[in-house]
Amino acid sequence: MKVVAVHSQKGGVGKTSITLNLAHEAMTYGFETLVIDLDAQGSATFLLGQGIAPKLRAKDWLNDQIDWNQFIEATPYDGVFILPARKGLRKLDRLMSDAVSDKHLKQLLKSLKSQFDLVLLDCPPGINTVTEQAYRAANLVLVPLTPTPLCLQSYADLADFTRDIKTDPNRMAPFFNRVNQRLALHRQCLKTFAAGQDSPPLGWVRSTTLMEQIAVNKRAVTDSHPEHPVSRDLSELWKAIVRRLDLHH
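Residues numbered from 1 in each chain as written. Predicted model: local features only at pLDDT ≥ 70, side-chain atom pairs only at ≥ 80, totals over all residues. Heavy atoms only, no water.

### A look at the nonpolar core
Put simply, the rule reads: Among buried residues, the Ala, Val, Leu, Ile, Met, Phe, Trp, Tyr and Cys ones that are joined through side-chain atoms within 4.5 Å form a nonpolar core. Any residue under 20% of the maximum accessible area for its type is buried, any over 50% is exposed, and the rest in between are partly exposed; the area is computed with a 1.4 Å probe on protein chains only. Secondary structure counts use DSSP, requiring at least four H or I residues in a row for a helix and at least two E residues in a row for a strand, with both numbered from the N terminus.
Core analysis: the biggest nonpolar cluster contains 42 residues, and Ile36, Trp61, Leu83 and Leu121 have the highest contact counts within it. Of the residues forming this core, the biggest block, five residues, is contributed by helix H6 (residues 149-164). Leu120, Leu202, Ile214 and Val221 belong to the second largest nonpolar core, which has 37 residues in total.

### Section: unusual backbone geometry
Of note in this structure, Lys218 is not a glycine but carries a positive phi near 55 degrees. Positionally, Lys218 belongs in the loop between helix H9 (214-217) and helix H10 (221-224). A positive phi is found at Asp246, a non-glycine position, where the angle reads about 55 degrees. Take Asp246: it is sitting in the segment after helix H11 (229-245).

### What about the pattern of salt bridges?
Pairing of side chains with opposite charge becomes possible as their charged atoms draw close. The cut-off we apply is this: Any carboxyl oxygen of Asp or Glu within 4 Å of a side-chain nitrogen of Lys or Arg constitutes a salt bridge here.
Under the definition given, this model contains eight salt bridges. Of the charged contacts, one joins Lys15 and Asp39 as a salt bridge, the two residues approaching to 3.6 Å between their closest N and O atoms. Note that Lys15 is positioned in helix H1 (residues 15-28) and Asp39 in the loop between strand E2 (33-37) and helix H2 (43-48), a separation of 24 residues in sequence. Residues Lys15 and Asp39 agree in their burial class; the two are buried. Here Asp223 ties to Arg219 by a salt bridge, and the two come within 3.2 Å at their closest N and O atoms.

### So, helix H5 (residues 129-137)
How we decide: Think of a polar contact as two N or O atoms within 3.5 Å of one another; within protein, one of them needs to be a possible hydrogen donor and the other a possible acceptor, and neighboring residues in sequence only count if both atoms come from side chains.
With seven of nine residues buried, H5 is to be regarded as a mostly interior element. For H5, the N-terminal capping position is held by Asn128, with its side-chain oxygen 3.0 Å away from the main-chain nitrogen of Val130.

### A short note on the side chain of Thr45
What counts here: Contacts were defined at the residue level, with two residues in contact if any of their heavy atoms lie within 4.5 Å.
Within the secondary structure, Thr45 is located in helix H2. For Thr45, a relative accessible area of 13% puts it in the buried group. Other than its neighbours up to four places away in sequence, Thr45 contacts Asp37, Ile82, Pro84 and Ala85.

### Focus: the packing of aromatic side chains
The condition that has to hold: Only Phe, Tyr and Trp rings take part, Trp by its six-membered ring, and two of them pair if their centres are within 6.5 Å. Stacked means planes under 30 degrees apart, edge-to-face means over 60, and tilted covers everything else. By definition, being over a ring means that NZ of Lys or CZ of Arg is both within 6 Å of the ring centre and within 35 degrees of the ring normal.
This model, assessed by the stated rule, comprises seven aromatic pairs. With a centroid separation of 5.1 Å and 90 degrees between ring planes, the pair formed by Phe176 and Phe193 is classed as edge-to-face. With Phe176 in strand E7 (residues 172-179) and Phe193 in helix H7 (residues 184-195), this pair connects stretches of sequence that are 17 residues apart. Taken together through their ring pairs, the aromatic side chains of Tyr29, Phe31 and Trp238 make up a single cluster. Above the ring of Phe46, the side-chain terminus of Lys218 is found at 4.1 Å from the ring centroid.

Pasting the structure below:
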């Protein structure tokens, strides 16, 4: 089982829409996939959840004897499941900070290892104890960036964060989202980022209103518009992740 955390220090960079499209790509490749919604806003839950599983309380995350399967729901996509976020998730950072162990997320994932090929962690924005545990548990941290100076600075802050918590910086996999090549600012930011990194970003996804419409139709763009150029961008991003993780059946 491979674990991918999708995280950005900034909100509003399309983190959850990317997660949904990656889950759909995983389905087309036949991977049993679990999306864990760690964001109290519950956007991934809104898009994929069916509202049928018992409500998971924040304190349940600290219970190492819990049967997580009772809280996992099927989604409209075959082979894709979700551990939904609930409102009580707002308390999770404080509870994890106060707890003795810092491995609650690792313990959850270990208990589900035999059931899934891939886990996608839809992380909250910012840096806190929850995201720290996600970074420690993940094989790859996918960082969506919009090509703006503030996002470039936020990525530099995340690089400092990985050093502070002593995780492997090679797990970081930045890519650009909502790219408009007609904008001089976007082109300049892409060049600036490339010049400051040892390796290129994992990929880039063009700007399109189709990604915004996901919140309305609750379907991945790779599902609703498979021939659209943005779907090709997403497919290439998925393939890059597969290669990076050496993900196979």
